[in-house]
Amino acid sequence: MVYARLIAMRLLKAVIVLFLIVIFNFLLIQMAPGDPAAILAGQAGAADQEFLNQLRERFGLDQPMYVQLWRYISGIAMLDFGYSYRLGVPVFDLIMARLPATLLLTGTAFVLSLVLGIVAGSMAAARVKKPSGSLIMALALVFYATPLFWVALMSVVVFSVYLGWLPAYGLYTVGADHTGFALMLDVAQHLVLPATTLALFFMAIYTRMTRTSMLDAAQQDYVKTARAKGLKPSIIQRRHVLRNALLPIITLAGLQAGQMVGGAILTETVFAWPGIGRLMFEALEQRDYNLLLGIFFFSAALVIVFNIITDLVYSLADPRIKKGAA
Amino acid sequence: MKKPLALAISAAALAFTSAALADDPKEGGVVNTIIQPEPPGLVLGMVQNAPTRTVAGNIYEGLLRYTTDLEPMPQLAESWEVSDDGRTYTFHLREGVTWHDGEAFTADDVVFSADVFHRELNPSARAVLQHVESIEATDDHTVVFTLTQPFGPFLLSFEAGTFTMVPEHLYAGTDFRNNEHNDHPIGTGPFKFDNWERGTVIELVKNEEYYEDGLPYLDGVNWHVIPDGASRAVAFENGTIDVLPSGTVENFDIPRLAEMDNVCMTEEGHEYFSPFAMLWMNNREGPTADKRFRQAVMYAMDREFAKDVLWNGLGNVPLSAFGSNARFQNDDLEPYDHNPERARELLDEMGYDGEEITILPLPYGETWTRWAEAVQQNLREVGINVETQATDVGGWNQRLGDWDYDLAFTYLYQYGDPALGISRTYLSDNIAKGSPWNNVEGYENERVDELFNEAATAFPDAEREKLYGEVQEILHEDVPVGWLMELGFPTLYRCDVQNLVTSGVGVNDGFKDAWLDR
């Protein structure tokens, strides 16, 4: 019951926030220089005035801004996100076609960074004064400080060009026509480099955070009490230290999950991963307003959803929080 | 013992390869290539941007093809006649041609495509159609175009990208832009549309019913979509990609890739488009409004350096407004060589006070950015105070369309004839705010208008040559825009892809004759 009410309240707020986001984004985009019709015409290589007028009329760009805004909002209310100017395909279809690839990539990277980060961080905390602990922290620092695009390109050069172990780009092998298990294996191979690239940065953050947080928790009185009770150190680490150390990590993980849609632009571009991030970047370059707004809308919605999930996970990790929310 | 045997084997292998080369083309195989950027659609005629032309040129066809010397070759038209007065063009269509859905291709399709479809949708065809009085099908396989007056470059406009043949039975009477068949283009070409996984690949398969015996040899062509330039180079390097059409990798990667084993390179296949890089100069206001300033810019720029260093020595430094692939070039003009001294003199003469001007690079990748830096450097050397302003494609479009710039990079296609691809930059009735591809610089000269207009419709060619000769002299003196370079756009490919570039549009229709020696 408590959960149901919490979720209902949050969803109601979410709708209002989304509505404001839609209007804000619409106005923001109007302020960007560049006219979609001119860009489309530009791609055509040849354009006369008639061609430009046809385009503007077709997309309603000849209407005053408030009419365009009204049309857009009333469309959204009916879950109609309009047509992409450039591709002539419904925005909703485009996003739905690309969303799975992005969720697969960022989801994998998310789990990978979280699991490896927490494991590495715990290990570093347990070996706080040993060289192995320092080594883990040094590696984390390196991954944290290295630019993503460099990691991406270098991993391609090493693993794809020189060693030839992993495919350098794409979601699957074009022309191989794999199905079933073979296709899964193929996609998994293609996933390795981009997911690792994307995961490294966050993994480094989680590692550092887990270590700090655990060392901090280890100083608390309840840990001393547990030790005094004679509990096994491994149980103390897991039940008392890690559980309490997790809260700040959950906060950060919630934020990372919220960025899942938009955060992979660079990785998706370098690895030719057919996801939303790339779609968004192209839409921006082409001033494909409808598509861009559609992606903004979905990203915003995802952020909100993940915020709600984060709160729920919080209350699982620390039962006191649930009481506070109720 | 060992050595002679090895020698004998390699000699045999050599003999075998050369025999194989001399052999008939092999059938089968799929070529993997790249399309960059991903096209917005594949219905040629509705969309004419470069990537659409590149892919769809293998699906759709025009009445004619063109050799690398821009001589017309038969395609859907088997033969053609031009009347003595240059006003009537009769095309005899090939018989037994079918659309990819099995319907017969007839003269009615030609009339529909040219007179209805392109008139409504296609700006480049519209420009040609203004010279056309009527288009008639006299029987199922004969079409007669009657012109209002002779139009010299008329025969050059039947390439698939300009006058694509579209199926009347699927489009007539429909809302073209929302036609359900747009998702699945139907042409007459050697390859059929199979599948488009957006963001990943466009797959074309062999048209088994193609009308030319034995063609095409390939089973299909896969056009991969890889948005990052470095990743495209890698894909070619590690062998997943067989053909890199021009412009798909950064210029500085080309020499490295071209030196790889089993990699060939050709500069042929761009004669029809012959992209001409120019510097728009604002003729309306600021120092650039002064002819002497513009001449100074021409003398200040080291175009040979740009060609050698930035474009790997490919391409051609133009003499003036007419490129070398366009017809009627006047080569009596005195070239604007790199001459900083002369540039400084001109600036002194006009009393240039050091007013700051801006330069707008073309946001199409690294090479263009570096080129703008090189030009900036050249101009500073002669005392021109110039700053670079970076924009993205949208901003660049808008700034040019609004005439809000001093100097700006661009490049335009020449389409083989001054009346198709060159005059549009200089005609004063082509000045219109909002488009970055017309007379953006705002050049107005009555005599130039007269000469261009007369030359377009003059008959025969000797007449045209005289008029174009004069117009080039005026333009050479006035320098309405800076002529930077005729770009060399090389195609890189694995050497076992045979017979790839066979026409003046290169890979745009090249897979028709291509075969794999594997």
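Residues numbered from 1 in each chain as written. Chains lettered and ligands numbered in written order. Predicted model: local features only at pLDDT ≥ 70, side-chain atom pairs only at ≥ 80, totals over all residues. Heavy atoms only, no water.

1. Examining the sheet that holds strand S4 (residues 77–82) of chain B
Residues and elements named next belong to chain B. Ordered by their spatial adjacency, 4 strands build an open sheet running S4-S5-S7-S6, and the pairing between neighbours is antiparallel. If you trace the sheet from one side to the other, it starts and ends with S4 and strand S6 (132–139), each paired once. Each adjacent strand pair in this sheet contributes to an overall mean axis angle of 20°, direction not counted. Note: strand S5 (residues 88–93) against strand S7 (residues 142–147), 5 bridges, orientation antiparallel. (Pairing = 2+ DSSP bridges. Helix = DSSP H or I, 4+ residues; strand = E, 2+ residues; numbered from the N terminus. Axes fitted to C-alpha atoms, helices over the stretch in contact; angles between N-to-C directions.)

2. Digging into the interface of chain A and chain B
Listed by partner, the interface residues are 42 residues for chain A and 44 residues for chain B. Together, the buried faces of chain A and chain B total about 3,500 Å²; carbon and sulfur atoms form 54% of this surface. Ranking the residues of chain A by area buried against chain B places Arg-86, Tyr-169 and Val-174 of chain A at the top, with a combined share of 17%. For the interface between chain A and chain B, the tally reads 2 salt bridges. Our count for the contact surface shared by chain A and chain B stands at 6 residue pairs in polar contact (both at pLDDT 80 or more). A class-by-class count of the residues in the side of chain A that touches chain B yields 22 nonpolar, 9 polar and 11 charged. (Contact = heavy atoms within 4.5 Å. Buried area = accessible area lost by both parts, 1.4 Å probe. Salt bridge = Lys/Arg side-chain N within 4 Å of Asp/Glu carboxyl O. Polar contact = N/O pair within 3.5 Å; in protein donor to acceptor, adjacent residues only side chain to side chain. Nonpolar A, V, L, I, M, F, W, Y, C, P; charged D, E, K, R; others polar.)

3. With respect to the pairing of strand S18 (residues 491–494) of chain B
It is a general feature of regular strands that their side chains alternate between the two faces of the sheet. Residues and elements named next belong to chain B. Here S18 shows two buried faces, one formed by Thr-491 and Tyr-493 and the other by Leu-492 and Arg-494. With 2 bridges joining them, strand S11 (residues 243–244) and S18 adopt antiparallel strand pairing. From the neighbouring strand, Leu-244 faces S18, where its bridge partner is Leu-492. Looking at chain direction, strand S12 (residues 263–266) and S18 are connected through 4 bridges and run antiparallel. (Buried < 20%, exposed > 50% of the residue type's maximum accessible area, 1.4 Å probe, protein only.)

4. Section: the UniProt feature "transmembrane region" (unreviewed entry) in chain A
Mapped onto this numbering, the UniProt entry annotates "transmembrane region" (unreviewed entry) at residues 12–32, 103–126, 138–167, 187–206, 245–271 and 291–314 of chain A. Between the first and last C-alpha atoms of residues 138–167 of chain A the distance is 29 Å; the span itself is 77% helix and 0% strand. (UniProt positions renumbered as here; feature names shortened; annotations may be inferred.)

5. Some details on the state of the cysteines
All names here are of chain B. For the coordinates displayed, the defined rule picks out 1 disulfide over all chains. One disulfide in the model links Cys-264 with Cys-495; its S-S distance is 2.0 Å. Here the disulfide of Cys-264 and Cys-495 is right-handed, its torsion about the S-S bond being about 115°. In this pair, Cys-264 is assigned in strand S12 and Cys-495 in the loop between S18 and strand S19 (497–498), connecting sequence segments 231 residues apart. (Disulfide = S-S within 2.5 Å.)

6. Remarks on the pattern of salt bridges
A side chain of one charge can pair with a side chain of the opposite charge when the charged atoms of the two come close. Residues and elements named next belong to chain B. Applying the stated rule across the entire model yields 29 salt bridges over all chains. The closest approach of N and O atoms between Arg-370 and Glu-366, which form a salt bridge, is 3.2 Å. Of this pair, Arg-370 and Glu-366 are both found in helix H11 (residues 366–381), 4 residues apart, which corresponds to roughly one turn of the helix. On the basis of relative accessibility, which here comes to 37%, the residue Arg-370 falls in the partly exposed class. Using a relative accessible area of 35% as the deciding quantity, one classes Glu-366 as partly exposed. The network of salt bridges with common partners includes Arg-327, Asp-417, Asp-461 and Arg-464.

7. A look at the packing of aromatic side chains
All names here are of chain B. According to the stated counting rule, one finds 51 aromatic pairs over all chains in the structure shown. Ring centres 5.6 Å apart and planes at 80° place the aromatic pair Trp-311 and Trp-368 in the edge-to-face group. Placement of the pair is Trp-311 in the loop between helix H9 (303–310) and helix H10 (340–350) and Trp-368 in helix H11, with a sequence separation of 57 residues. Of the residues examined, Trp-311 reaches a relative accessible area of 2% and is grouped as buried. When its relative accessible area of 5% is taken as the criterion, Trp-368 is described as buried. Ring centres of Tyr-413 and Tyr-415 lie 5.8 Å apart, and the angle between their planes is 85°; on these two criteria the pair is classed as edge-to-face. (Phe/Tyr/Trp six-rings, centres within 6.5 Å; stacked < 30°, edge-to-face > 60°.)

8. Digging into a negative patch on the surface
Residue and element names in this part refer to chain B. On the surface, a cluster of negative charge is contributed by Glu-78, Glu-95, Asp-108, Asp-139 and Asp-140. Within the element layout of this structure, Asp-139 appears in strand S6. On the accessibility criterion, Asp-139 (42% relative accessible area) is partly exposed. (Patch = residues over 30% accessible without salt bridge, like charges linked within 9 Å, V, L, I, M, F, W, Y side chains within 5 Å. Areas by Shrake-Rupley, 256 points an atom, 1.4 Å probe, with all protein chains shown as cover. Lys, Arg positive; Asp, Glu negative; His and termini not counted. Charge placed at Lys NZ, Arg CZ, Asp CG, Glu CD.)

9. Some remarks on unusual backbone geometry
In this structure, Pro-37 of chain B follows Gln-36 of chain B across a cis peptide bond, with omega equal to -10°. Here Pro-37 of chain B is to be found in the loop between strand S1 (30–34) and helix H2 (50–56). Leu-215 of chain B connects to Pro-216 of chain B through a cis peptide bond whose omega is -10°. Relative to the elements of secondary structure, Pro-216 of chain B occurs in the loop between strand S9 (201–206) and strand S10 (220–224). Phi at Ala-272 of chain A is positive, roughly 45°, even though this residue is not glycine. Locating Ala-272 of chain A in the fold gives a position in the loop between helix H11 (265–270) and helix H12 (276–285). Its relative accessible area of 2% is what places Ala-272 of chain A among the buried residues. Of note, the phi angle at Asn-262 of chain B is positive, near 60°, even though the residue is not glycine.

10. Brief notes about the sheet that holds strand S14 (residues 357–360) of chain B
Across a sheet, paired strands are connected by hydrogen bonds in the backbone, their directions being either parallel or antiparallel. All names here are of chain B. With mixed pairing, 5 strands are arranged side by side in an open sheet as S15-S14-S16-S13-S17. Among the strands making up the open sheet, the edge pair consists of strand S15 (386–388) and strand S17 (481–486). Shown here is a sheet whose adjacent strand axes are inclined to one another by a mean of 25°, direction ignored. Where H11 meets the sheet, it contacts strand S13 (276–281), S14, S15, strand S16 (407–412) and S17, and its direction lies at approximately 135° from that of S16. Along the sheet, helix H12 (residues 393–401) contacts S13, S14 and S16; its crossing angle with S16, the most-contacted strand, is approximately 105°.

11. A word on a nonpolar patch on the surface
Side chains of Val-111, Leu-112, Val-115, Leu-116, Val-119 and Met-123 of chain A sit close together on the surface and give an oily, nonpolar patch of about 460 Å² of accessible area. Within the secondary structure, Leu-116 of chain A sits in helix H5 (residues 91–126).

12. Describing the UniProt feature "domain: Solute-binding protein family" (unreviewed entry) in chain B
Residues annotated in UniProt with the feature "domain: Solute-binding protein family" (unreviewed entry) correspond here to residues 71–428 of chain B. A distance of 31 Å separates the end C-alpha atoms of residues 71–428 of chain B, which is 27% helix and 20% strand.

13. Some thoughts on the environment of Glu-268 of chain A
Mapped onto the elements, Glu-268 of chain A comes out in helix H11. Using a relative accessible area of 0% as the deciding quantity, one classes Glu-268 of chain A as buried. In this structure the C-alpha to C-alpha distance between Glu-268 of chain A and Leu-105 of chain A, which are 163 residues apart in sequence, comes to 8.8 Å. Other than its neighbours up to four places away in sequence, Glu-268 of chain A contacts Thr-102, Leu-105, Trp-273, Gly-275, Ile-276, Gly-277 and Arg-278 of chain A together with Pro-227 of chain B.

14. Structural notes on the packing of H5 of chain A against helix H6 (residues 131–145) of chain A
Packed helix pairs are specified by the crossing angle of their axes together with the interaxial distance, meaning the distance between the axes. All names here are of chain A. Between H5 and H6, the least distance of the axes is 8 Å, while the angle of their chain directions is 140°. Classified by chirality, the crossing of H6 by H5 is left-handed. Of the residues in H6, those touching H5 at Ala-120, Met-123 and Ala-124 are Gly-133, Ile-136 and Met-137. Residue composition of the contact of H5 with H6, by class: 5 nonpolar, 1 polar and no charged. (Left-handed = near helix turned anticlockwise from the far one by under 90°.)

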